[in-house]
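Take a look at the letters that make up each chain.
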Amino acid sequence: MIKLAPSILSANFAKLLEDVKKVENAGCEYLHIDVMDGHFVPNITLGPSVVKSLRKDVNMVFDAHLMIENPDQYIKEFVDAGCDIIVVHQEACRHLHRTIQNIKSYGIKVGVSLNPATPIETIKHIIRDVDMVLIMTVNPGFGGQSFIESMIPKIEELKIFIDSEGLNVDIQVDGGIKPDNVDKVVRAGANVIVAGSAIFNSEDIKSTVDLFRKNACAVK
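Residues numbered from 1 in each chain as written. Predicted model: local features only at pLDDT ≥ 70, side-chain atom pairs only at ≥ 80, totals over all residues. Heavy atoms only, no water.

## Quick look at the pattern of salt bridges
- For the structure shown, the criterion picks out 11 salt bridges.
- For Lys 21, the salt bridge identified is with Glu 24, shortest N-O distance 2.7 Å. Of this pair, Lys 21 and Glu 24 both sit in helix 1 (residues 16-25), three residues apart, which is roughly one turn of that helix.
- For Lys 21, a relative accessible area of 26% translates into the label partly exposed.
- Residue Arg 128 is joined to Glu 165 by a salt bridge in which the shortest nitrogen-to-oxygen separation is 2.2 Å. With Arg 128 in the loop between strand 5 (109-114) and strand 6 (132-136) and Glu 165 in the loop between helix 5 (152-164) and strand 7 (170-174), the pair connects residues that are 37 residues apart, well separated along the chain.
- One connected set of salt bridges, linked through shared partners, spans Glu 18, Asp 19 and Lys 22. (Salt bridge = Lys/Arg side-chain N within 4 Å of Asp/Glu carboxyl O. Helix = DSSP H or I, 4+ residues; strand = E, 2+ residues; numbered from the N terminus. Buried < 20%, exposed > 50% of the residue type's maximum accessible area, 1.4 Å probe, protein only.)

What follows is the structure, given as structure tokens:
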């Protein structure tokens with residue numbers, strides 16, 4: 001069964017809690033929290049204070065995607081704000097194993113993200129220490145980008161490796177995922193689906209969420 005993770009990047013920040021409650025009420029399991037610093041990616045979004053303000057009113061799993069330089073500097077702040085999962089980028093961590101252990105020391109789940117150009121070989125030696133791998137299906141930094149089709153074989157490769165090692169590691173995908181292509185990533189092996197504009201910018205969020213699930217569940 002897939003889990004849906006609406007990306008907060010595409011929400012209306014003037015009505016942030018209202019929008020988040022809409023996706024929660026539609027049955028989405030995760031809230032994907034895009035954290036950008038204007039350095040690792042060319043955009044700036046939000047910090048721990050916004051996460052903390054949402055936490056008291058939202059019961060979804062808070063999935064923080066740290067698209068930032070020096071993530072170790074901010075991990076405790078996001079843990080204290082109420083995040084359940086923290087995902088860091090392989091490309092941003094000089095000592096990735098140490099960063100993973102830092103996150104795990106707080107008793108929460110940890111994920112590692114790979115940009116489109118980064119091969120899965122770069123995380124094979126630490127994958128046993130993570131709960132999730134995030135495959136970026138766009139280049140990070142902006143919402144509303146087009147899905148990169150060439151990431152499908154990468155997802156398949158990761159799934160084959162995880163299964164061959166007998167690991168219990170989720171595969172998350174983020175970038176350009178819509179109801180009409182979610183079947184492709186699920187068939188390839190993804191089970192945590194990030195979708196931003198396709199959900200938050202839809203006229204009927206509940207119907208769109210239901211369509212995502214219908215199309216994903218149609219995969220044999």
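## Regarding the nonpolar core
- Of all hydrophobic cores here, the largest spans 68 residues; its most connected members are Ile 86, Val 130, Val 185 and Ile 193.
- Once residues within four sequence positions are removed from consideration, Ile 193 is found in contact with Ile 2, Lys 3, Leu 4, Ala 5, Val 173, Ile 177, Val 182, Val 185 and Val 186.
- Counting 10 residues, the second largest nonpolar core, distinct from the first, contains Tyr 30, Ile 85, Val 87 and Met 132. (Core = buried A, V, L, I, M, F, W, Y, C linked by side-chain atoms within 4.5 Å. Contact = heavy atoms within 4.5 Å.)

## Thoughts on the UniProt feature "active site" (unreviewed entry) in the protein chain
- Mapped onto this structure's residue numbering, the UniProt feature "active site" (unreviewed entry) falls at Asp 34 and Asp 174. Spanning 141 residues, the named residues form one tight spatial group whose C-alpha atoms are at most 10.6 Å apart.
- Inspection of the secondary structure puts Asp 34 in strand 2 (residues 30-36).
- Residue Asp 34 is classed as buried on the basis of its relative accessible area, which comes to 3%.
- Not counting the four nearest positions on each side in its chain, Asp 34 is found in contact with Ser 7, Ile 8, Leu 9, Thr 45, Leu 46, His 65, Met 67 and Asp 174.
- Looking at Asp 34, its side chain comes within polar contact range of the main-chain nitrogen of Leu 9, at 3.1 Å.
- A residue is classified by how much of its surface remains accessible, and Asp 174, at 9% relative accessible area, is buried.
- Not counting the four nearest positions on each side in its chain, Asp 174 is found in contact with His 32, Asp 34, His 65, Leu 134, Ile 135, Met 136, Thr 137, Val 138 and Val 194.
- Separated by 3.3 Å, the side chains of Asp 174 and His 32 make a polar contact. (UniProt positions renumbered as here; feature names shortened; annotations may be inferred. Polar contact = N/O pair within 3.5 Å; in protein donor to acceptor, adjacent residues only side chain to side chain.)

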